[in-house]
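# Summary of structural features
What follows is each chain in one-letter form.
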Amino acid sequence: MNTGDPLLRIRDLHVEFTGFRGTTHVLNGVNLEVRRGEKVGLVGETGCGKSLTVKAVLGLLRGPNVRVRGEIWFGGRNLLADPAHELRELRGRRITMIFQDPMASLNPVFTVGDQLLEVIRRGPGRDGARRLSAGAAEEKALAILHEVALPDPERIMRTYPVQLSGGMRQRVLIAMALVNHPDLIIADEPGTALDVTIQEQILRLMRSLVEAKGISVLLITHNLGVVRETTDRVYVMYAGSIAEEGRTADFFRGPKHPYTQGLLASVPKLTGEGVPRGIDGMIPDYGAPPPGCRFAPRCAFAQPRCQSPPPWVNVGEGHHVACVLYDAEPAARSS
Ligand SMILES: Nc1ncnc2c1ncn2[C@@H]1O[C@H](COP(=O)(O)OP(=O)(O)OP(=O)(O)O)[C@@H](O)[C@H]1O
Ligand SMILES: [Mg+2]
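Source: prediction; values computed, not measured. (Residues numbered from 1 in each chain as written. Chains lettered and ligands numbered in written order. Predicted model: local features only at pLDDT ≥ 70, side-chain atom pairs only at ≥ 80, totals over all residues.)

## Some thoughts on the overall build of the chain
The helix and strand tally for the chain stands at 11 helices and 12 strands. Here the C-alpha radius of gyration of the chain, 21 Å, is about what a compact globule of 335 residues would show, namely 20 Å. In the chain, which comprises 335 residues, the proportion classed as buried is 39%. Taking the contacts inside the chain whose residues are at least 6 apart along the sequence as the reference set, 63% of them involve residues at least 24 apart. (Helix = DSSP H or I, 4+ residues; strand = E, 2+ residues; numbered from the N terminus. Rg over C-alpha atoms; globule rule 2.2 N^0.38 Å. Buried ≥ 20, exposed ≤ 12 C-beta atoms within 10 Å, placed from the backbone. Contact = placed C-beta atoms within 7 Å.)

Shown next, in the form of structure tokens:
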């Protein structure tokens, strides 16, 4: 595969839960793609289904109360059709995860070195290296700690997670996610528990490392500044479906979906333009979502046609929006 080929391809993904109060239909036909070597952002307000999408990719949505439909293609295989043990094989090797809270992802009773070496032992990644000797594994661990700019890697190897600062722990997690050279890193709000400047430092570090190694990234974050700075393309999710997709620069220059426009307008500006407007209302109840466009009840431009599912309209190169407002645009725009 070459740079630019699809690596992860989610097609028409639906997730439903059945509980005491009936069925909730949360993910409603998600389509999303991460190409090889690409850094993709996934944004949207709380509860819109970002983490759920990732859980579906990682095969974490199983059980009698959950129904997952659609296709999730990764490296030529439909993961939803794969048995669980093969998915486990994939997770941690070809797809790694970085979660929001480093403390919850690290084991407090083992040293950083023990945990990092365990990850290395569970390798290899796509570099296809054979099982490493103890000395070579140690060398690999020290090298990756050095790469994530942790001072004195020998000492870090011997410390326990509690002895490190939050920022240092996050760097350890990045080291673990990178060390076996996966194809894809999924980062769900990495560093949100940290000070904003440290979070941004860490995301910048992650960007430079994945760029150097050609690893693809799916980054979920509420920080639009980070999206602007670290991604190539962006998906905006609203209430379980993709509202807009585009190249990061186009997206920030000309957001199309009324929801996206509201989302960008709600970012506080440093120019003293007063309190941001935000978007009135809340995401719908997934037990009884609005028919058609799920954003319609909050949308200032809603019209009768919004009672039907919105069209997926091409509004520029690689720029799509799920909104009737653009449906009447001349076909020439899609060329
Ligand atoms: N196991 C589950 N059973 C029932 N509903 C669930 C389950 N997991 C998630 N949901 C629902 O799915 C919706 C989307 O959740 P998700 O965690 O994907 O949101 P998110 O976009 O990641 O939000 P945030 O930005 O707050 O992390 C929520 O309304 C949540 O209540
Ligand atoms: Mg989440």
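Anyway, onward from the coordinates.
## Concerning the sheet that holds strand β1 (residues 6-19)
Strands sit in the order β2-β1-β4-β5 across an open sheet of four strands; the sheet is antiparallel. Looking along the sheet, the strands with just one partner apiece sit at the ends: β2 (22-35) and β5 (77-78). Together, β1, β2 and β4 (66-74) form the strand contacts of helix α1 (residues 50-57), whose direction differs from that of β1 by roughly 110°. (Pairing = 2+ DSSP bridges. Axes fitted to C-alpha atoms, helices over the stretch in contact; angles between N-to-C directions.)

## Remarks on the nonpolar core
Of all hydrophobic cores here, the largest spans 84 residues; its most connected members are Ala175, Ile185 and Val236. Looking at which element gives the most residues to this core, the answer is helix α7 (residues 166-178), with eight residues. Other than its neighbours up to four places away in sequence, alanine 175 contacts Leu116, Ile144, Leu145 and Val148. (Core = buried A, V, L, I, M, F, W, Y, C linked by C-beta atoms within 7 Å.)

## Topic: the site of ligand 1
The full set of residues close to ligand 1 is Phe17, Thr24, Val26, Gly44, Thr46, Gly47, Cys48, Gly49, Lys50, Ser51, Leu52 and Tyr286. Elements with a minimum of two residues in the shell around ligand 1: β2 and α1. The leading source of residues in the shell around ligand 1 is α1, at three residues. Here the residues of the shell around ligand 1 sort into five nonpolar, six polar and one charged. (Near = placed C-beta within 6 Å. Nonpolar A, V, L, I, M, F, W, Y, C, P; charged D, E, K, R; others polar.)

## Points about helix α8 (residues 196-213)
For α8, spanning 18 residues, the distance from its first C-alpha to its last is 26 Å, which sits close to the expected 26 Å at 1.5 Å a residue. Every buried residue belonging to α8 is among Gln199, Ile202, Leu203, Met206, Leu209 and Val210, and all of these are buried. Projected onto a plane normal to the axis of α8, the buried residues spread over an arc of 130° and lie on a single side. Facing away from the buried side of α8, by more than 90 degrees, are the exposed residues Thr197, Ser208 and Ala212. Lining the buried residues of α8 we find β3 (39-43), α5 (134-147), α7, β7 (184-188), β8 (216-220) and α9 (224-230). Phi turns positive one or two residues past the end of α8, at glycine 214, with a value near 70°. (Expected span 1.5 Å × (residues − 1). Arc of directions from axis to C-beta.)

## Observations regarding α7
Taking 1.5 Å as the rise per residue, α7 with 13 residues should run 18 Å; its terminal C-alpha atoms sit 18 Å apart, in good agreement. Every buried residue of α7 is accounted for by Met168, Arg169, Gln170, Arg171, Val172, Leu173, Ile174, Ala175, Met176, Ala177 and Leu178. Contact partners of the buried residues in α7: β6 (95-98), α3 (102-105), α4 (112-122), α5, β7 and α8.

## Quick look at the sheet that holds β7
Strand order in this open sheet of eight strands is β6-β7-β8-β3-β9-β10-β12-β11, and the pairing throughout is mixed. The outermost strands of the open sheet, each flanked by one partner alone, are β6 and β11 (312-316). Taken pair by pair, the neighbouring strands of this sheet meet at an average axis angle of 20°, ignoring direction. As defined by bridge partners, β11 adjoins strand β12 (residues 319-322) across four bridges and the pair is classed as antiparallel.

## Things to note about the environment of proline 102
Turning to its location among the elements, proline 102 is positioned in helix α3. Once you skip the residues sitting within four places of it in the chain, proline 102 turns out to touch Gly166, Arg169, Gln170 and Leu173.

## Concerning the environment of phenylalanine 301
Positionally, phenylalanine 301 belongs in the loop between α11 (258-265) and β11. Here phenylalanine 301 falls in the exposed class, since 12 other C-beta atoms lie within 10 Å of it. Sequence-wise, phenylalanine 301 and leucine 325 are 24 residues apart; in three dimensions their C-alpha atoms are separated by 8.0 Å. Discounting residues that sit within four places of it in the chain, phenylalanine 301 has contacts with Pro258 and Leu325.

## Things to note about the pairing of β7
Within a regular beta strand, the side chains point alternately toward one face of the sheet and then the other, so they alternate between its two faces. Burial within β7 is extensive, with four of its five residues counted as buried. As judged from the four bridges shared by β6 and β7, these two strands associate in the parallel manner. Residue pairing across strands places isoleucine 95 opposite leucine 184, the latter belonging to β7. As paired elements, β7 and β8 share five bridges and run parallel to each other. Bridge pairing in β8 places alanine 187 opposite leucine 219.

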